[in-house]
Structure formats: C-alpha cells, structure tokens
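Report on the structure
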Amino acid sequence: MTEHPPTTQHHILKSAPKPGREIGLIALKRMLQTRSPMDALAVFHQELGDVFRITFPGFNPIMLVGPEAARFLLVESRDDMRWRMEGEPIALLLRHGVLMEDGDSHDALRRVMNPALHRRMLTQYVETMVKRTDEITAHWHTGATYDMLIEARKIALLILTDSLFNVDFSPEMARLWAGVLRAVKYISPGLWVVWRGFAPMGYNRKLREIDTYLFQIIAERRKFPGGDDDLLGALVHDSALTDSLIRDQLMTMLIAGHDTSTANLAWTLYLLGKHPDAMQRAREEVQTVIGDGEPQFEHLRDLTYLGAVIDESLRLYPPIHLGSRFAARDLDFNGFHIPAEMRVLYSIYLTHRHPDYWSEPDAFKPERFIDNHRPEPYTFIPFGGGPRNCIGGAFAQVEAKVVLARILQRYDLRLLQNDVRVHMGATLEPRPGVKMRVKKQTHKILTKPL
C-alpha cells in the first residue's frame, strides 16, 4: 500500500483507533468462546466506537459502523471507492461480473441485467419458486431430520437457474454440487486475508466443471435464442457481450445470488424453530391468507408477519454482513483520515445491532417491522443502498416469502439444536447447520376468507 504524505489538512484529522493489548485479549477470549470473529468485532466496536482499525498481520483495514458510515460509502463517496480487488479470490472467480466492476463498466452491465430482475418480472417467477420448493420438499419424510442449510441451498439453486437462466438444474445438481460448495468456499475469508500470496490458488477440477456448464448453457442459448425476458436471454441478446463476459455475470448470479438466499432461508427457519410462538403465528397467517392453494404474487403483501420475521432475520443475520472497498483517494469521514489505497470495511452486521438505533439489538423481535415502524435510513441495509444496491434484492425478498410460506403451509418443523453459531463465510452461515425434524401437515388448512 502506498501511503501519501499527510497534508496540512491531515494533521488535524484523527487516525482510526486501534485495539490495544487489553481490548485484543477481551476480543480473543470472546471469539474463542463463541467460535465467531463477529464477536471479536463487536468487542472492538463497543470499546473503540464506530471507526476503528483491525490489526492483523498483513491485514489492517479501517472498519466503519453505523448509518452515517453506510451513507458515506454507498452514496456520498461512491465514486471515490473501488470495488475491484485484483488478485483476490472473489475477483479470480467472478472476473468481470457486475459485482466486481467499477464506474461505466458496472453501470453498462447493470443496465443489461436490470430488466430480468425488475419487480414487474417477479410475478411470473412465483410459480417457478413454488414448483422448485415442492420439488425439494417432496423428498422430505415425516419424522426424518434435515439440515435446512442444505435444503435451502438446493431450493435456491433450482429457483435461480430456472427463473433467471431458464434451465433445469435438477439433472446437474448431484454432479455440480461439490463445485458450487467449492466456489462458495473459494471466496470465503481464509489464509489469503493475511497471506496475499495464497490468493491466486487457481481453479481445481470442481470449479472448472461449473465453468464448463455455464459455457454450455450460453452456447445452447445462442443456437436457440428464444426470448430475452430471462437474464441469460438478455445477456446473449446483447451483441456487445462476449461468451466470457456472459459467463462472468452467470457465475456472479449463480454463486453470490443463490448463497445469499440460502443463508437467509436457513437463518429464518432457525429463528422460527427457536421461537415456536413466532412459528405458529406465521403458519396461521399463511393458512389464513393462502389457504390450501399455491402461493400467488397477490398473497405476498398480506403476509405481513412472515415478512417481519424475514426482515428481523435479515437484521440479526444479514447474509452479506460486510462490505469491502478501497479508497481511490485520500478521504475524510467524520474527522478521521482514510488514506488513498486503504481498504475500507463497513459492517452491516454491527450496524444492524447498533444499540444507538435498535432497542434490545440482539433480541428476536419481528414486531419492530410491523405497523409501518420503518427503521431510520441506512440502519437496515441487508441489500446495501444507493445506486449500487443489490441487483437481486427484490427477487430475494419475494423468493423468501414464497419459499417459507410454502414450507409452513405443508410442514411442521421442529428445531433439534439451539447451539448454532455464526460462521463468517462468503455469507453469514449458521453452523453446524439447522437440523430440523419435519412432519407433513395433516390438519385441515383454512381457506382464505372471501
């Protein structure tokens, strides 16, 4: 990193505080107790405030927390921050996917992709979401135990590929499953964070199989173009995009898109299982609103409590828990100096649990999102914010409601373990999983009142 000589202005700016030995030991103890780095970050935040430095060997970025920080990074200084991180695993995997691009390149890709993910397209995706949920849950047997992290991943993969690529991933699921998990692990925090030479670890056979599959479906669509309503069709229809660049967008959606939905569904089922009263209230709402028919787009606005549960799950366990940027020039945030080329992190997880903005921040209280109780701006950012908010955010919100409503409509679920911990991977995952015993519902389902 190139440090720029401080100007006169920088002499009056503060440097972000670093944790001393005592705070470091408290954080280490907490992390060892919970087996989660998130708790070490919570200690740093509590002791040092909304701006602090992380001091690992070879990795010492500035961490920002809170709504002011989110607005600063996502809106006010958007053009002064770089997303692309050359040589890091996420850039090696996604290459020139929309998530990794800056400036005009990002904006051009987003313009091509937006129509397939626009809210007006979501109505036609609901039927697919129900169908693919049924396909996976049809294999559930009463009295058997399933890991909802795994089951949610299967559902999310089938929904994404069917809705956005217009392909049936079912025949490929077993063959490519290991590659999907390998890709998720590839971009998760690991040795590359502190040992930069470890980052270009190359593709293995499983990752190459994913690449081969994506190029195959691109070639097939070029032979039989059809419509361009789905994402793959829109990308192929654009003459400016090469197969390689299309592959990068598909890989971005396949991995980043499905993994966030997987985490959201798994955490929400965990919280419902941990709070049986909430589970019962959500099930009764589904029964009243939908009855014994299939969920329809028109039902979703009336599933207010289920929506609140999903939002509270996103608040407590946001799948994308951390944002990472590089400062393109010297910056000033609230009197703190951010040097050019410094990595800047902002914690969505800590912002969502900030005691200045949330009462009982660690408690599960879906009611906070009911009765038009809107969070203050930039205190609730599970899909980011500003011009680069998550391109699939609306899709993910509809998907969560449809999938969970369908599961609650057809199955009783009992959580078998409460010692689930937060794992900081590519997304925030429940570890060792969400083990639930399922029972097919046999009681009479209420029909929606006329």
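Our structure is the block above this text.
The structure contained in this document is the topic of the report that follows. (Residues numbered from 1 in each chain as written. Predicted model: local features only at pLDDT ≥ 70, side-chain atom pairs only at ≥ 80, totals over all residues. Heavy atoms only, no water.)

1. Observations concerning the overall build of the protein
Note the threshold: Secondary structure elements are defined from DSSP: runs of H or I of at least 4 residues count as helices, runs of E of at least 2 residues count as strands, and each element is numbered from the N terminus. Here the globule rule reads 2.2 Å times residues to the power 0.38, and the radius of gyration is calculated from C-alpha atoms. Burial classification: accessible surface area is computed with a 1.4 Å probe over protein chains only, and a residue below 20% of its type maximum counts as buried, one above 50% as exposed, and the rest as partly exposed. Each accessible area is a Shrake-Rupley result for a 1.4 Å probe, and residues are judged covered by the shown protein chains and nothing else. Asp and Glu are treated as the negative residues and Lys and Arg as the positive ones, with His and the ends of the chain left uncounted. Here the site of a charge means NZ on Lys, CZ on Arg, CG on Asp, or CD on Glu.
Each helix and strand in the protein was counted, giving 16 helices and 12 strands. The C-alpha atoms of the protein give 22 Å as radius of gyration, which agrees with the globular expectation for 450 residues (22 Å, within 12%). Considering the protein as a whole, with its 450 residues, one finds that 54% of them fall into the buried category. Carbon together with sulfur atoms contributes 52% to the accessible area of the protein, which is approximately 20,200 Å² in total. Both charge centroids of the protein, one from 56 positive and one from 55 negative side chains, sit 5 Å from each other.

2. Re the environment of isoleucine 381
Here is the rule we go by: By the convention used here, residues are in contact when the closest approach between their heavy atoms is within 4.5 Å.
Tracing the sequence through the fold places isoleucine 381 in the loop between helix H15 (348-352) and helix H16 (393-410). Considering only alpha carbons, one finds isoleucine 381 and leucine 314, 67 residues apart in sequence, at a separation of 8.9 Å. Those residues in contact with isoleucine 381 that sit more than four places away from it in its chain are Ala70, Tyr346, Ile348 and His352.

3. Section: the pattern of salt bridges
Stated formally: A carboxyl oxygen of Asp or Glu within 4 Å of a side-chain nitrogen of Lys or Arg is what we treat as a salt bridge.
On inspection of all chains with the given rule, the structure shows 29 salt bridges. In this structure, the salt-bridge partner of arginine 132 is glutamate 135, at a minimum N-O distance of 2.5 Å. Residue arginine 132 and its partner glutamate 135 are located together in helix H7 (residues 119-137), separated by three residues, close to a single helical turn. Here arginine 132 falls in the buried class, since its relative accessible area comes to 4%. Take glutamate 135: its relative accessible area is 26%, and that puts it in the partly exposed class. With its nearest N and O atoms 2.9 Å apart, the salt bridge here joins aspartate 162 to arginine 132. With aspartate 162 in helix H8 (residues 148-165) and arginine 132 in helix H7, this pair connects stretches of sequence that are 30 residues apart. It is possible to trace a salt-bridge network through shared partners that takes in Arg95, Asp211, Arg247 and Asp248.

4. Section: the pairing of strand E10 (residues 421-424)
Within a regular strand, side chains alternate between the sheet's two faces. Basically, it comes down to this: Whether two strands pair comes down to DSSP finding at least two bridges between them.
Residues Val422 and Met424 point to one face of E10 and are all buried, whereas Arg421 and His423, pointing to the other face, are not buried. Across four bridges, the pairing between E10 and strand E11 (residues 428-431) is antiparallel. Among the inter-strand pairings, arginine 421 is bridged to a residue of E11, identified as arginine 431. Where E10 folds back onto E11 in an antiparallel hairpin, the turn is made up of three residues.

5. Here's the deal with a nonpolar patch on the surface
To keep things clear, this is the line we draw: Residues enter patches when their relative accessible area tops 30% and they take part in no salt bridge; the joining distance is 9 Å for like charges and 5 Å for the nonpolar side chains Val, Leu, Ile, Met, Phe, Trp and Tyr.
Together, Leu25, Leu28 and Leu32 line one region of the surface with nonpolar side chains, adding up to about 290 Å² of accessible area. Its place among the elements puts leucine 28 in helix H2 (residues 21-34). Residue leucine 28 is classed as partly exposed on the basis of its relative accessible area of 40%.

6. Some details on the nonpolar core
Operational definition: Definition used in this section: a nonpolar core is a set of buried Ala, Val, Leu, Ile, Met, Phe, Trp, Tyr and Cys residues joined via side-chain atoms within 4.5 Å.
Grouped together as the largest cluster of nonpolar side chains are 120 residues, with contacts concentrated most on Trp140, Met148, Leu164, Phe165, Leu250, Leu306 and Leu413. With 14 residues, the single largest contributor to this core is helix H12 (residues 243-274). Counting residues in hydrophobic clusters, the runner-up holds 21 residues, among them Ala70, Leu74, Leu331 and Phe333.

7. So, unusual backbone geometry
Between arginine 431 and proline 432 the backbone carries a cis peptide bond, its omega angle lying at 5 degrees. The residue proline 432 is located in the loop between E11 and strand E12 (435-440) in this model. For glutamate 360, which is not glycine, the phi dihedral falls at a positive 45 degrees. Among the secondary structure elements, glutamate 360 is positioned in the loop between H15 and H16. Positive phi values are uncommon outside glycine, yet tyrosine 378 reaches one of about 70 degrees. Tracing the backbone shows tyrosine 378 in the loop between H15 and H16. When its relative accessible area of 19% is taken as the criterion, tyrosine 378 is described as buried.

8. What about the sheet that holds E12?
Filter applied, for reference: Working convention: axes come from line fits to C-alpha atoms, limited for helices to the stretch in contact. Angles between N-to-C directions cover 0 to 180 degrees.
Read across the open sheet, the three strands follow the order E4-E12-E9; overall the sheet is antiparallel. Each of the sheet's edge strands pairs with one partner strand only, and the pair in question is strand E4 (145-147) and strand E9 (411-415). The average angle at which neighbouring strand axes cross in this sheet is 40 degrees, direction not considered. By the bridge criterion, five bridges tie E9 to E12 in an arrangement that is antiparallel. Looking at the pairing, tyrosine 411 lines up with lysine 440 of E12. Where H8 meets the sheet, its contacts fall on E4, E9 and E12, and the angle it forms with E4 comes to roughly 65 degrees.

9. Overview of the sheet that holds strand E8 (residues 343-347)
With mixed pairing, five strands are arranged side by side in an open sheet as E1-E2-E8-E5-E3. Each edge of the open sheet carries a strand with a single partner, namely strand E1 (51-53) and strand E3 (81-82). Against the sheet, helix H3 (residues 37-48) makes contact with E1 and strand E2 (62-64), and its axis sits at roughly 125 degrees relative to E1, the strand it touches most.

10. Description of the environment of threonine 427
Stated formally: For the purposes of these results, a polar contact is taken to be a pair of N or O atoms within 3.5 Å, where, inside protein, one atom must be able to donate a hydrogen and its partner to accept one; residues adjacent in sequence count only when each atom of the pair is a side-chain atom.
Relative to the elements of secondary structure, threonine 427 occurs in the loop between E10 and E11. Overall, threonine 427 belongs to the buried group, its relative accessible area being 2%. Taking the C-alpha atoms as reference points, threonine 427 and histidine 275, 152 residues apart in sequence, are found 23 Å from one another. Ignoring any residue separated from it by four or fewer positions in sequence, one finds threonine 427 in contact with Asp259, Thr260, Ala263, Pro319, Ile320 and His321. At 3.1 Å, the side chain of threonine 427 and the side chain of aspartate 259 are in polar contact.

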